[in-house]
Amino acid sequence: MKKQQTGQPMNRVDGRLKVTGGAKYFADHQPADMQYAALVCSTISCGAIAGINATKALRAPGVVDVVSHLNAPPVPGYKKTTPGNKNGLQIFRDNRIYSNGQPVAIVVANTLERAVYAASLVEVQYNQETHYTNMEASMDKAFQNNRMKDYSRGEINAWQKAPVTHSAQYTIPLEVHNPMELAGIIAHWTTPDNLTLYAKTQGVKSVQETIQELFEIPEQNITVHSRFVGGAFGMALRVWPLEIATILAAKKIRKPVKLVITREQMFTLVGYRPNSSQKISMGATPDGKLTGITHEAVAITSPYEDFTEGIVAMTKFMYDCPNVNTRYQLVPLNMSTPIWMRGPGEATGSFALESAIDELSYKLKIDPLQLRILNHADTDPERNLPFSSKYLKEAYLIGAEKIGWSSRTLVPRSMQENGMLVGYGMSSGTFGAYRGKATVSAILKSDGTLTLQSAAADIGPGTATAMVQIAADVTGITPDKITFMLGESTFPYAPEQGGSATVSTVGSAVSDVCHALLKELANLAISQVPAFKQTTPELIIYEDGQLITADRQTKITHEALLQQQKLPEVKVTATSQGGDERKKYSMYSFSVHFAKVHVHPATGVVRIQHIVSVADAGAIVNTKTARSQMIGGVVGGIGMALTEEAILDHRFGRFINNNYADYHVPVNADTPPTDVYFVNKKDPHINPMGSKGLGEIALIGFAAAVSNAVFHATGIRVRDLPITPDKLLHIASTENATT
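We now turn to the structure provided with this report.

The rules behind these values
Residues numbered from 1 in each chain as written. Predicted model: local features only at pLDDT ≥ 70, side-chain atom pairs only at ≥ 80, totals over all residues. Heavy atoms only, no water. Helix = DSSP H or I, 4+ residues; strand = E, 2+ residues; numbered from the N terminus. Rg over C-alpha atoms; globule rule 2.2 N^0.38 Å. Buried < 20%, exposed > 50% of the residue type's maximum accessible area, 1.4 Å probe, protein only. Contact = heavy atoms within 4.5 Å. Core = buried A, V, L, I, M, F, W, Y, C linked by side-chain atoms within 4.5 Å. Phe/Tyr/Trp six-rings, centres within 6.5 Å; stacked < 30°, edge-to-face > 60°. Lys NZ or Arg CZ within 6 Å of the ring centre and 35° of its normal. Expected span 1.5 Å × (residues − 1). Polar contact = N/O pair within 3.5 Å; in protein donor to acceptor, adjacent residues only side chain to side chain. Axes fitted to C-alpha atoms, helices over the stretch in contact; angles between N-to-C directions. Parallel < 35°, antiparallel > 145°, perpendicular 65-115°, else oblique. Left-handed = near helix turned anticlockwise from the far one by under 90°. Pairing = 2+ DSSP bridges. Lys, Arg positive; Asp, Glu negative; His and termini not counted. Salt bridge = Lys/Arg side-chain N within 4 Å of Asp/Glu carboxyl O.

## Let's talk about the overall build of the chain
- Along its length, the chain carries 16 helices and 33 strands.
- Taking 27 Å as the expected radius of gyration for a compact globule of 739 residues, we find that the chain reaches 28 Å, a close match to that expectation.
- For the chain, the C-alpha atoms occupy an extent of roughly 90 × 70 × 50 Å along the three principal directions.
- Counting the 739 residues in the chain, one finds 60% classified as buried.
- Of all intrachain contacts in the chain linking residues separated by at least 6 positions in sequence, the fraction that spans at least 24 positions is 80%.

Shown next, in the form of structure tokens:
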């Protein structure tokens, strides 16, 4: 009997490589005669370059070139568009400056130190214009993007007629991608129309496609390597101007060029979670049934690109409410373009929605958990379809039991422990469960080893490990004989790793190709091995690397079968994608987060004491790496709730805390004991494994759970993240002065 591999806590197959330093990230590669690059970035936030004097830099030791709009090689793809037409920043196309920190030149030298020094010698003159970086002061510029139209069902603003209402504004600051691995790229034109890239990316095929469009060279002439990625969380979902600048520099000097940007440049060059303001208004009957929700959101974007995300998406279907309307607007500022950050817009929107429903619960004098259960949507009210699977109520009950919700009093500021105010809060999260298109090749060798290849990415969740487990379950081959290779553009197609869809998408292709491989082996055995001639592929048992007849009287190993036929290997390729399931069902993953906090009554310092997170994400492929994903989401959520905020000096449009010392990401001391639980029930419709996405829901909703717990502890509601001691003390003093 073969052992089930999925659902088990299997160690990462690449774990030893990572902890011993054997894993090579993009910056670890060293092509022959490699040169090093450093960026020169704009010191103004809006205007034009009047002149660039690179004389001193070019005379500095080891400097090879200084590339800017004055001398950069042409980018053929730029001809198809015009500057500022919502197609992204076209680096070195012209002299326009749209944001502070925009690259204006790239210096190349034979050492990193020489490149950095020479970059400081480049003199840039500007014609400065008025800039706008303050969203609150620029609301008159708000507009609606065509992709994000108003949504409504039932009566618009019906909440106003309800017996019990709540309406409030919630704001989230600009938050920045700050993984330990910095962004960058190595570019090498091996011939005038052959390009090799070592990239930090969440999708080698998407990089290949972007470069093909811009430089108009055959796709097969572009090779992208990205086996290991040191954290990305959304920042590596696109090709950034800094990467195009490096490619242009490499093309000009005809040598490989390596760029690794600085921590300061991470704040301006690789996207961020946009600053947003949301107004949530909701009404209910006295017994707690929602009658109307209005959700209005405004977020920032760049001057040259309309960036949108799902800020209002969760509100449309999360609760059983007959009247819902939403609006989402953008404010263009002199900033670089935002990008999806873990949990994307749903993390932003859930803070407002889940805080608002908590506030409504206190007005109704109904337990916040009970209010959510009372308004649970059994079917999707937005699409009027059944859910493919939904065990959210079960997740609620698991989390409530594990956190000790029953010991929570309803009245705020009524619980204390050791002189600390105690609060319990909870929230819900949800994100679409997707299945895209992917192709996987399977190569079974005559020594019994199986190699799978796909151009998938792994930004940390343990992609290869999950794929090995799926393959082991289908084939009956033990995991130690299976290798999953990824991160190479020469491998079969796989989409970017984003939107919590990799296991569903690539895992389905692994399942399909393994089934195809078994059929190939079965047909080989039936045609060549006498004992199998009277059977069919469907009746053969596959386990322990063997083919076994239904009566278990005859068996043959994969090695023996191939060796008998003098075959060094058998190779099969399969492409997999979903059918029309999404037309019949609404597919989402769900999460529930519970938090217990202590708040110091005199100083307002918040310390999270205990966290319970429960995921309803279908069948869990690897319980060990899935738990790590949930804890990672919690850590990000702690930052969102309590510490993270990028601060701009609007006089100059410049960040003032663009470093690890002043931009506060959570550390171990901020992270309390965290319990993770899974409903772990298969979704019968989404894919062969019954597995749904997990990475996003680990974060979505968490900030509201902390905010709600802080209110329960203190009776003070902070609607402007992050929740810091000064805000708690200021609101408390203001409320005391008012009373």
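Next comes the rest of the account.
## Here we look at the nonpolar core
- Membership of the largest hydrophobic core comes to 82 residues, with the highest contact counts inside it found for Met282 and Leu290.
- If one sorts the elements of this core by residue count, helix H7 (residues 344–364) sits on top with eight residues.
- In contact with Leu290, not counting residues within four places along its chain, are Met282, Gly283, Ala284, Tyr319, Asp320, Cys321, Pro322, Ile357, Leu360 and Asn375.
- Core analysis: the second largest hydrophobic core is formed by 49 residues, Ala187, Ile253, Leu269 and Phe491 among them.

## Things to note about the packing of aromatic side chains
- Per the counting criterion, the structure on display carries 14 aromatic pairs.
- An angle of 75 degrees between the planes, with centres 5.5 Å apart, marks the rings of Trp405 and Phe594 as edge-to-face. Residue Trp405 is found in the loop between helix H9 (392–403) and strand E20 (416–417), and its partner Phe594 is found in strand E29 (residues 588–599); the two are separated by 189 residues along the sequence.
- When the ring centre of Tyr132 is taken as reference, the NZ or CZ atom of Lys141 above it lies at 4.1 Å.
- For the cation-ring pair, Arg238 lies above Trp240, with the distance from its terminal atom to the ring centre recorded as 4.9 Å.

## What to know about unusual backbone geometry
- Omega for the bond connecting Leu721 with Pro722 falls within 30 degrees of zero, at -5 degrees, which places this linkage in the cis form.
- Take Pro722: it is sitting in the loop between helix H15 (702–714) and helix H16 (725–738).
- At Lys365, a position not held by glycine, the phi torsion is positive, near 60 degrees.
- Looking at Lys365, the relative accessible area reads 67%, which means it is exposed.
- Not every positive phi belongs to a glycine, and Lys566 is a case in point at roughly 55 degrees.
- You can see Lys566 is positioned in the loop between helix H12 (558–564) and strand E28 (569–576).
- Lys566 sits in the exposed class, given a relative accessible area of 75%.

## Some words on helix H4 (residues 204–215)
- Between its first and last C-alpha atoms H4 spans 16 Å; for 12 residues at 1.5 Å apiece the expected length is 16 Å, and the two agree.
- Taken together, the buried positions of H4 are Val204, Lys205, Val207, Gln208, Ile211, Leu214 and Phe215.
- If you follow the buried residues of H4, they end up packed against strand E10 (184–191), strand E11 (194–199), strand E12 (222–225) and helix H5 (241–253).
- Trailing H4 by a residue or two, Glu216 shows a phi angle of about 50 degrees, which is positive.

## Focus on the environment of Asn323
- The residue Asn323 is located in the loop between strand E16 (290–301) and strand E17 (324–332) in this model.
- In terms of polar contacts, Asn323 uses its side chain to reach the backbone amide nitrogen of Glu155, at 2.8 Å.
- A distance of 2.8 Å separates a polar atom in the side chain of Asn323 from the backbone oxygen of Thr291.

## A few points about H15
- Helix length check: H15, at 13 residues, gives a terminal C-alpha distance of 19 Å against a target of 18 Å (1.5 Å per residue), a fit within 8%.
- Within H15, 13 of the 13 residues are buried, leaving the element largely enclosed by the surrounding structure.
- Among the residues trailing H15, Gly715 stands out with phi positive, at a value near 80 degrees.

## So, the packing of H7 against H15
- At their nearest, the axes of H7 and H15 sit 8 Å apart, and the two run at 30 degrees to each other. Looking at the two axes, H7 sits roughly parallel to H15. Relative to H15, the crossing made by H7 is right-handed. Contacts between H7 and H15 involve Ser350, Phe351, Glu354, Ser355, Asp358 and Tyr362 on the former and, on the latter, Ala703, Ala704, Ser707, Asn708, Phe711 and His712.

## Notes on the side chain of Lys200
- Looking at where Lys200 falls in the secondary structure, it is placed in the loop between E11 and H4.
- For Lys200, the side chain forms a polar contact with the main-chain oxygen of Gly231, separated by 2.7 Å.

## Some details on the sheet that holds strand E22 (residues 438–445)
- Spatially, four strands are ordered E24-E23-E22-E28 in an open sheet, and the strand pairing comes out mixed. Both outer strands of the open sheet, strand E24 (482–485) and E28, are each paired with one neighbouring strand and no more. Averaged over all adjacent pairs, the angle separating strand axes in this sheet is 15 degrees, with direction ignored.
- In terms of strand pairing, E22 meets E28 through eight bridges, oriented antiparallel. Looking at the pairing, Val440 lines up with Ala574 of E28.
- Of the strands in this sheet, strand E23 (450–453) and E24 touch helix H10 (residues 463–475), which is tilted by about 135 degrees from E24.

## Some remarks on the pairing of E24
- Across the two faces of E24 the burial differs, with Ile482 and Phe484 buried and Thr483 and Met485 not buried at all.
- Here four bridges tie E23 to E24, and the two strands are oriented parallel to one another. Its bridge partner being in E24, Leu452 is matched across the sheet by Phe484.

## Quick look at the side chain of Lys258
- By secondary structure assignment, the location of Lys258 is in strand E13 (residues 257–260).
- There is no salt bridge for the buried Lys258, and the closest opposite charge comes from Asp28, which lies 6.5 Å off by N-O distance.
- A polar side-chain atom of Lys258 sits 2.7 Å from the main-chain carbonyl oxygen of Ala27.
- Beyond its immediate stretch of four places on either side in the chain, Lys258 contacts Ala27, Gln30, Met34, Gln35, Tyr36, Ala37, Ile185 and Ile186.

## Details of the sheet that holds strand E26 (residues 546–548)
- Taken in spatial order, the three strands line up as E25-E26-E27 in an open sheet, and their pairing is antiparallel. Both outer strands of the open sheet, strand E25 (541–543) and strand E27 (555–557), are each paired with one neighbouring strand and no more. Averaged over all neighbouring strand pairs, the angle between strand axes comes to 20 degrees, with direction disregarded.
- Sheet analysis places E25 next to E26, joined by three bridges and oriented antiparallel. Bridge pairing in E26 places Ile541 opposite Ile548.

## What to know about the pattern of salt bridges
- Counting across every chain of the model gives 26 salt bridges.
- In this structure, Glu305 and Arg238 form a salt bridge, with 3.0 Å as the shortest nitrogen-oxygen distance. A residue pair is termed long-range when its members are at least 10 positions apart, and Glu305 in the loop between E16 and E17 and Arg238 in the loop between E12 and H5 qualify at 67 residues.
- Classification of Arg238 as partly exposed rests on a relative accessible area of 25%.
- Each of the salt bridges in this network shares a partner with another, and the network as a whole consists of Asp358, Glu359, Arg717 and Arg719.

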